[in-house]
Amino acid sequence: MSKWFTSEQIGFYHGGRQSIQKFNEIISERKKQYPCGSQTQEDTVKSLHSNGYVKIENVFTEEQILNLRKEFDIAHTKGLVTQDNHSFTVIKDPLYVSKTAFDIATSDIIFDISSEFFGCVPSLCTQNFRLSKLSNESANTTQLYHADRNSIKFMKFFIYLNDVDIHGGPLTFVEGSHAKKFYNHLDKYRWSDEEIRHYYGNEKIKKLTAKAGDLLIALTTGFHKGLKPENQERRMLTLNYVVHMESDVGKLFRTKKEWVNSLPEHKKALFTFMEIE
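Conventions adopted
- Each chain has its residues counted from 1, following the order in which its sequence is written.
- Local features are withheld for residues below a pLDDT of 70 in this predicted model, meaning they are given only at 70 or higher, and side-chain atom pairs are given and counted only at 80 or more; totals for whole chains, interfaces and linings count all residues.
- By convention in this description, side-chain values take in all heavy atoms of the structure and omit both hydrogens and water.
- Type-normalised accessible area, obtained with a 1.4 Å probe on protein chains alone, sets the label of each residue: buried when under 20%, exposed when over 50%, and partly exposed for intermediate values.
- Numbered from the N terminus, helices here are DSSP runs of H or I no shorter than four residues, and strands are runs of E no shorter than two.
- Strands are treated as partners if at least two bridges between them are detected by DSSP.
- The aromatic pairing rule takes the rings of Phe, Tyr and Trp, using the six-membered ring of Trp, and pairs them if the centres are within 6.5 Å, calling planes under 30 degrees apart stacked, those over 60 edge-to-face and the rest tilted.
- Here, over-ring charges are defined by two tests on the NZ atom of lysine or the CZ atom of arginine: distance to the ring centre within 6 Å, and angle to the ring normal within 35 degrees.

**Student:** Which parts of the structure should I look at to understand the pairing of strand 7 (residues 155–160)?
**Tutor:** Successive residues of a regular strand alternate their side chains across the two faces of the sheet. Counting buried positions over the six residues of strand 7 gives six, a clear majority of the element. Alternating positions in strand 7 separate into two faces, M155, F157 and I159 on one and K156, F158 and Y160 on the other, with burial throughout. Alignment of strand 7 against strand 13 (residues 234–242), held across six bridges, turns out to be antiparallel. By the bridge assignment for strand 13, K156 is matched with N240.

**Student:** Can you help me understand the packing of aromatic side chains in this one?
**Tutor:** Remark: the centre distance and the inter-plane angle together describe each pair of aromatic rings, the angle taken between the planes. Following the criterion strictly, the structure yields 16 aromatic pairs and no others. Between the aromatic rings of W4 and F182, the centroid separation amounts to 6.4 Å while the plane-to-plane angle is 80°, which identifies the pairing as edge-to-face. Taken together, the residues span a long stretch of sequence, with W4 in strand 1 (residues 4–6) and F182 in strand 9 (residues 180–182) at a distance of 178 residues. Seen from their ring centres, F102 and F271 are 5.4 Å apart, and the 10° between their planes marks the pair as stacked. Note that F102 is positioned in helix 5 (residues 99–105) and F271 in the loop between helix 8 (257–261) and strand 15 (275–276), a separation of 169 residues in sequence. A relative accessible area of 3% places F271 in the buried class. The ring of W259 has K99 sitting right over it, with the charged end atom 5.9 Å from the ring centre. Here R254 stacks its cationic end above the ring of Y96, 4.0 Å away from the centre of that ring.

**Student:** Where do I start with the pairing of strand 13 in this structure?
**Tutor:** Most of strand 13 is tucked away: nine of the nine residues are buried. Neither face of strand 13 is left uncovered, since the one carrying R234, M236, T238, N240 and V242 and the one carrying R235, L237, L239 and Y241 both have all their residues buried. Pairing between strand 5 (residues 123–132) and strand 13: eight bridges, direction antiparallel. Residue pairing across strands places Q127 opposite L239, the latter belonging to strand 13.

Set out below in structure tokens:
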């Protein structure tokens with residue numbers, strides 16, 4: 001039988017004891033500086049801790065989704081991209097080019113869930129405004145199973161800009177892998193379908209289909225991937241919430257000063273790790 005690490009053990013974490021100590025020191029200070037003032041999302045947070053993911057239906061309006069799509073297209077037309085190839089188009093600085101994305105990222109529901117999860121107001125860090133295309137290329141990068149190493153604890157929100165069924169490239173999450181990992185999980189970053197099925201079994205692999213306007217939340221330190229779209233392109237906005245800078249972030253993501261200034265004071269801490277212009 002394979003040896004397993006749980007989240008109570010040092011071997012569970014990339015970076016080991018040093019990463020744990022760093023995280024605990026930082027979150028302790030952040031709880032003092034930016035305490036959480038809400039208690040409205042207890043069930044959602046409980047489900048996240050238990051399963052590693054949550055789906056909430058009909059969170060965002062049709063108008064918001066249409067605006068996201070329009071703002072994506074405008075940014076693409078202007079060449080505001082960090083990647084544009086046969087597989088993906090990725091828009092640069094989503095919360096700078098899209099006011100709708102900014103409003104979603106600072107919405108009450110996302111603010112409350114993320115704050116209650118950490119026990120303090122977190123900060124936005126990495127964002128991804130992405131079109132996954134139909135192509136003949138083999139599954140690659142985020143389409144292969146991996147467990148994020150950005151921090152030992154962070155959360156990611158996913159908003160599809162179009163309905164995504166089983167053939168449309170849904171986020172696929174291994175239930176429970178945020179809390180239990182096999183002994184050699186740090187040996188490499190990408191893992192095959194066969195390897196993940198071997199360790200966790202088919203019943204733990206959850207293909208998170210959703211409608212445009214639904215909200216998906218995942219603790220992506222667990223194993224996950226995006227399935228390769230088969231019958232339609234998939235557009236998606238993702239938002240990472242953290243208590244310290246993610247380990248692989250180079251240049252800070254940008255947003256607009258006027259938008260941040262329009263927020264209530266308790267939400268401005270969301271931009272600790274972003275460049276405000």
